[in-house]
Amino acid sequence: MPPDTDSNTEAKQTGFNFAHFTARLSMGWILLFWLLVMGALYWGLDHYMSARQSVIVSNGNVVIRKDTDGHYRARGKVNGQEVLFLVDTGATMVSVSDATAQAANLPEGTATEFDTAGGTRQGRMVDGVTIELGPLSVSQLRVGTGLQTSDSNEALLGQNFLNKFKLSIEDDKLTLSPRR
C-alpha cells in the first residue's frame, strides 16, 4: 500500500481529518468576517439615518438641519415630555400620538375629526399645552391627539407653534427666531 493510504487509514481510525478541520476553520473565519462587515454597515446606516439634532445659536435662535430624507426634525417637549418633532409647515397645529399625550399627562380633551393629507382620522383637541423647542417655548397651545406614525414618540410641529416665531430656510437649515 502507498504511504498516503496508510496515513488516511490511520487518520480515519483516530477520527481526525486535517483537511476537514481546516475547511471548517476557514468557513468560520469567513462567517466572522461577513458578520463584522454586516454589523459595521448596520451601525453606519443607523447612524446616517438617525435624526439630526437641532442647534441652538447663542442669540436664542434654533437651527434645524435638513435630514437625509428631506424633512426637518428636532427634539423638543410637550408638557415636559420629550418628543421628536417633525416640522410640518402645512399642519395647522401641533399633533401628538395618544401614547405621547398620555405620557405628557394631557387631559382627555374634546373628541373631534381631523382632515389630514392621509384622510380623516379621529382624535381629540386638548387646550393649555406647553410646547418647547430649545429655548423657544409657547404655553396655552391647542394640541391635537391621535397622530399615527411609525414612532409613537414622534410629533408634528404645526403652525400654531411655528407662527409665533420668524421662520427662514437657507442652505438646508431651518431657523426659528423669536419675534422682536
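Basis of the calculations
- As a convention, each chain's residues are numbered from 1 in the sequence order in which they are written.
- Local features in this predicted model are restricted to residues whose pLDDT is 70 or higher, and side-chain atom pairs enter the listing and the counts only when it is 80 or higher, whereas totals over whole chains, interfaces and linings include all residues.
- Working from all heavy atoms in the structure, the side-chain values ignore hydrogens and water.
- Any pair of Phe, Tyr and Trp rings, taking the six-membered ring for Trp, is counted once the centres come within 6.5 Å. Such a pair is stacked with planes under 30 degrees apart, edge-to-face with planes over 60 apart, and tilted for the rest.
- For every residue, the accessible area obtained with a 1.4 Å probe (protein chains only) is divided by the maximum for its type, and the residue is called buried under 20%, exposed over 50%, and partly exposed between those limits.
- The way it works is that DSSP assigns letters per residue, a run of H or I at least four long becomes a helix, a run of E at least two long becomes a strand, and they are numbered from the N terminus.
- Within 3.5 Å is the distance limit for a polar contact, defined as a pair of N or O atoms, with the added protein rule that one can donate a hydrogen and the other accept it, and that residues adjacent in sequence qualify only through two side-chain atoms.
- Any two residues having at least one pair of non-hydrogen atoms within 4.5 Å are treated as being in contact.
- Buried Ala, Val, Leu, Ile, Met, Phe, Trp, Tyr and Cys residues that are joined via side-chain atoms within 4.5 Å together make up what is termed a nonpolar core.
- Patch construction takes residues with relative accessible area above 30% that form no salt bridge. Like charges are linked within 9 Å, and nonpolar side chains (Val, Leu, Ile, Met, Phe, Trp, Tyr) are linked within 5 Å.
- Residue exposure ignores everything except the shown protein chains as possible cover, and the areas themselves are Shrake-Rupley values with a 1.4 Å probe.
- Salt bridges are defined as contacts in which a side-chain nitrogen from Lys or Arg sits within 4 Å of a carboxyl oxygen from Asp or Glu.
- On a scale of 0 to 100, pLDDT captures the predictor's confidence in every residue.

Observations concerning the packing of aromatic side chains
Applying the stated rule across the entire model yields two aromatic pairs. An angle of 45° between the planes, with centres 5.0 Å apart, marks the rings of F161 and F165 as tilted. Each of the two residues, F161 as well as F165, counts as buried.

Some points on the side chain of S177
Here S177 lies in strand β11 (residues 173–178). Owing to a relative accessible area of 12%, S177 belongs among the buried residues under this scheme. Of note is the side chain of S177, whose polar atom sits 3.1 Å from the side chain of N61. With residues near it in sequence (within four places) discarded, S177 still touches N61, F165 and K166.

So, the nonpolar core
In terms of nonpolar packing, the biggest core is built from 28 residues, with V78, F85, I131, L133, L157 and F161 touching the most fellow members. Aside from chain neighbours lying at most four places away, what touches L133 is V62, I64, A74, R75, G76, F85, L157, F161 and L176.

What about a nonpolar patch on the surface?
Residues F18, F21, L25, W29, L32 and L36 make up a contiguous nonpolar surface patch of about 680 Å² in total accessible area. Structurally, L36 is set in helix α2 (residues 18–49).

Here's the deal with the confidence of the model for the protein chain
Confidence in the prediction for the protein chain averages 84 pLDDT; 86% of positions are at 70 or higher. Within the protein chain, no element has a lower average pLDDT than helix α1 (residues 3–14), which sits at 54, and none a higher one than helix α4 (residues 159–162), at 96.

A few points about the pattern of salt bridges
Tallying each qualifying case throughout the model produces six salt bridges. When the shortest N-O distance is used, the salt bridge between R73 and E154 registers 3.2 Å. Of this pair, R73 sits in strand β3 (residues 73–78) while E154 sits in strand β9 (residues 154–157), placing them 81 residues apart in sequence. Here R73 and E154 have matching classes, each one buried. The salt bridge involving R142 is made with D127; its shortest N-O contact spans 2.7 Å. With a gap of 15 residues between them, R142 in strand β8 (residues 136–145) and D127 in strand β7 (residues 119–133) connect regions that are remote in the sequence. Residue classification places D127 among the partly exposed positions, given a relative accessible area of 49%. Each of D67, D69, R73 and E154 takes part in salt bridges that share partners, so that together they form one network.

Looking at the environment of V83
When you line up the elements, V83 lands in strand β4 (residues 81–87). In sequence terms V83 and S152 are 69 residues apart; their C-alpha atoms lie 9.0 Å from each other. Residues contacting V83, with those up to four places away along its chain left out, are A74, R75, G76, K77, V78, T100, N153 and A155.

Some words on the environment of L157
Tracing the backbone through its elements, the reader meets L157 in strand β9. When its relative accessible area of 0% is taken as the criterion, L157 is described as buried. Once you skip the residues sitting within four places of it in the chain, L157 turns out to touch F85, L86, V87, D88, V94, I131, L133 and L162.

Overview of the environment of L86
Inspection of the secondary structure assignment puts L86 in strand β4. Residue classification places L86 among the buried positions, given a relative accessible area of 14%. Separated by 13 residues in the primary sequence, L86 and R73 place their C-alpha atoms 4.6 Å from one another. Aside from chain neighbours lying at most four places away, what touches L86 is H71, Y72, R73, A155, L156 and L157.

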